[in-house]
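Results of the structural survey
One letter stands for each residue in the lines below.
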Amino acid sequence: MLSPAQRVSRIANQTYRRRTGVIPAQPWWQHLPGDFASWPDRFRLDITTRLMVGGTAGIDVGLRTGIATLAGVFAVPSTLRPETVALDRDNRAFYQALADAGDAAAIYPRPTQRPIMQHHQPGWLDYRPKVGHVDVLSFESEFRTVNPAMQAHYSRFRRNRTAWAEHWVHGDRPRPTLIVIHGFTADPYWLNSRFLALPWFYELGYDILLVTLPFHGRRQERSSPYSGHGYFSHGFCHMNETVAHAIHDIRVFMDYLEKTGVTQIGATGISLGGYTTALLASVDERLKCAIPNVPVVSIIDIILSWQPASWLAKAGMKLGGITLQEARHTVAIQSALSFPAVIDHDRLMLIAGAGDRLAPPKHTYLLWEHWQRCRLHWFPGNHLIHLDQGRYLRAMRSFMKQIGFVP
């Protein structure tokens, strides 16, 4: 008998309600329907699986409302300040022109920085392998904003200038290394270690590098009300620079891995980390594989699907005199939909939950179409409850083995 995960994975692609032609042409920000954020996600599933998917989706809706309320109270209002609105208005054309040019290499040049890497002790909750060791790494990032006019604004966040990552190393030889990118507010190394079953991958023989995104964890300002607050709370243009900063620092860590002798590097990430992983696959051809997990592809449409944050976002767009299409256009440079992947189609894989309502299936479907229908695994759960997770972990292992990304 097939498990729920097998049933979902087998039929989801064929039964997704809007399964073809979601974006009939590029550029996607002009052709993605205006009501995309409100589209329902429906699969033709049997009763048992439908109940599992529906139940987990209901949990996600409650969680989504809580997160949206948090963002509405602490993040979105700061984007409505006159100086933030003016900053976006004065600079959005710069990013729109970059999106029109479609040159990812020009937007995300390979870093030239060769930093002195600092080594620190891991936290007491962090993973302690039986073989090898764990280091917390840091370096002072020399990232410069894509738009020079944003440098003064962006550089005032001092704690964000230090990049952090936790490195699990077997220590016997340079091993294939899996870079792991966390989701929004979910930066603790111990949390990602357990939730993403990273000790299992380590025991398979991979080294692991868990990176900390800008404005999260030790990178958040001391006045920040929660981890990740600075990511979305200073306007669209600031968000573009934050994503560019994330890509810059991850690539510096990749350079460091290569310097230590690592020849194979893969990347995976969950939610916002999946969003970042997909963009990284559009920028750095050194990746052996990229596996976004429950990714988003259009930040604007995610915000517009989350109540009550969507009401404030709409108010902000109205205050700034910007349409939905212009808002998408402004942040298009941070979406993988805007660029072709720079690694082969057979080295791309997507993982998504049929009941996910924080990063809805329609976002994964857009990326799947954009990536020419690469390998895709659906599970019968939501954003945080990954039912039958063992099955997609084994699918990841099989995929990585098939492409030669093996210890």
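Structure's up top.
A brief look at the structure comes next. (Residues numbered from 1 in each chain as written. Predicted model: local features only at pLDDT ≥ 70, side-chain atom pairs only at ≥ 80, totals over all residues. Heavy atoms only, no water.)

**Comments concerning the overall build of the protein chain**
- Scanning the protein chain for helices and strands turns up 17 helices and nine strands.
- Within the protein chain, the proportion of its 407 residues that are buried is 61%.
- Within the protein chain, residue pairs in contact and separated by at least 24 positions form 80% of the contacts whose partners lie at least 6 positions apart.
- Counting only carbon and sulfur atoms, one obtains 56% of the accessible surface of the protein chain, whose full area is about 16300 Å². (Helix = DSSP H or I, 4+ residues; strand = E, 2+ residues; numbered from the N terminus. Buried < 20%, exposed > 50% of the residue type's maximum accessible area, 1.4 Å probe, protein only. Contact = heavy atoms within 4.5 Å. Areas by Shrake-Rupley, 256 points an atom, 1.4 Å probe, with all protein chains shown as cover.)

**Concerning the environment of histidine 120**
- Among the secondary structure elements, histidine 120 is positioned in strand β1 (residues 118–120).
- In the structure, histidine 120 is positioned 46 residues away from glutamate 166 in sequence and 9.1 Å away in space, judged by C-alpha atoms.
- Dropping the residues within four chain positions of it, histidine 120 is found in contact with Asp135, Val136, Leu137, Ser138 and Trp164.

**So, unusual backbone geometry**
- Unusually for a residue other than glycine, threonine 185 sits at a positive phi of about 70°.
- When you line up the elements, threonine 185 lands in the loop between β4 (177–181) and α8 (189–195).
- Assessed through its relative accessible area of 34%, threonine 185 is described here as partly exposed.
- Phi at arginine 373 is positive, roughly 55°, even though this residue is not glycine.

**Quick word on the packing of aromatic side chains**
- This model, assessed by the stated rule, comprises 17 aromatic pairs.
- Pairing phenylalanine 94 with tyrosine 95 gives two aromatic rings, centres 5.3 Å apart and planes at 80°, and the pair type is edge-to-face.
- Owing to a relative accessible area of 0%, tyrosine 95 belongs among the buried residues under this scheme.
- Aromatic side chains tyrosine 206 and phenylalanine 405 sit 5.3 Å apart centroid to centroid with 45° between the ring planes, which places their arrangement in the tilted category. Taken as a pair, tyrosine 206 in the loop between α9 (198–204) and β5 (207–211) and phenylalanine 405 in the segment after α17 (389–402) lie far apart in primary sequence, 199 residues in all.
- Residue classification places phenylalanine 405 among the buried positions, given a relative accessible area of 0%. (Phe/Tyr/Trp six-rings, centres within 6.5 Å; stacked < 30°, edge-to-face > 60°.)

**A word on the packing of helix α11 (residues 236–259) against helix α12 (residues 272–280)**
- At their nearest, the axes of α11 and α12 sit 11 Å apart, and the two run at 70° to each other. Classified by the angle between their axes, α11 and α12 sit roughly perpendicular to one another. Of the two elements, α11 crosses α12, and the hand of that crossing is right-handed. Contacts between α11 and α12 pair Val243, Ala246, Ile247, Ile250, Arg251 and Met254 from the former with Thr276, Leu279 and Leu280 from the latter. (Axes fitted to C-alpha atoms, helices over the stretch in contact; angles between N-to-C directions. Parallel < 35°, antiparallel > 145°, perpendicular 65-115°, else oblique. Left-handed = near helix turned anticlockwise from the far one by under 90°.)

**Let's talk about the nonpolar core**
- If you look at the biggest cluster of nonpolar residues, it comprises 88 residues, and the most contacted ones within it are Tyr108, Ile179, Phe253 and Leu287.
- With residues up to four places along the chain from it excluded, the contact list for isoleucine 179 reads Leu209, Val211, Ile250, Met254, Leu257, Ile265, Gly266, Ala267 and Thr268.
- In terms of nonpolar packing, the next biggest core, distinct from the first, is built from 30 residues, Tyr127, Trp168, Val294 and Phe405 among them. (Core = buried A, V, L, I, M, F, W, Y, C linked by side-chain atoms within 4.5 Å.)

**Remarks on the side chain of threonine 242**
- Within the secondary structure, threonine 242 is located in helix α11.
- Looking at threonine 242, the relative accessible area reads 0%, which means it is buried.

**Structural notes on the side chain of glutamate 221**
- Locating glutamate 221 in the fold gives a position in the loop between β5 and α10 (229–232).
- Arginine 159 is the oppositely charged side chain nearest to the buried, salt-bridge-free glutamate 221, at an N-O distance of 5.5 Å.
- A polar side-chain atom of glutamate 221 sits 3.4 Å from the main-chain amide nitrogen of arginine 158.
- Residue contacts for glutamate 221: discarding those within four places in its chain leaves Phe157, Arg158, Arg159 and Asn160. (Lys, Arg positive; Asp, Glu negative; His and termini not counted. Salt bridge = Lys/Arg side-chain N within 4 Å of Asp/Glu carboxyl O. Polar contact = N/O pair within 3.5 Å; in protein donor to acceptor, adjacent residues only side chain to side chain.)

**Quick look at helix α16 (residues 361–370)**
- Within α16, eight of the ten residues are buried, leaving the element largely enclosed by the surrounding structure.
- The complete set of buried residues in α16 reads Pro361, Lys362, His363, Thr364, Tyr365, Leu366, Leu367 and Trp368.

**Notes on the pattern of salt bridges**
- With the rule as written, the count across this model stands at 13 salt bridges.
- We note a salt bridge from aspartate 249 to arginine 219, for which the minimum N-O separation is 2.8 Å. With aspartate 249 in helix α11 and arginine 219 in the loop between β5 and α10, this residue pair connects regions lying 30 residues apart in the sequence. Taken as a pair, aspartate 249 and arginine 219 share a single burial class, namely buried.
- Via salt bridges that share partners, Arg110, Arg114, Arg251, Asp255, Glu258, Asp284 and Arg286 belong to a single interconnected network.

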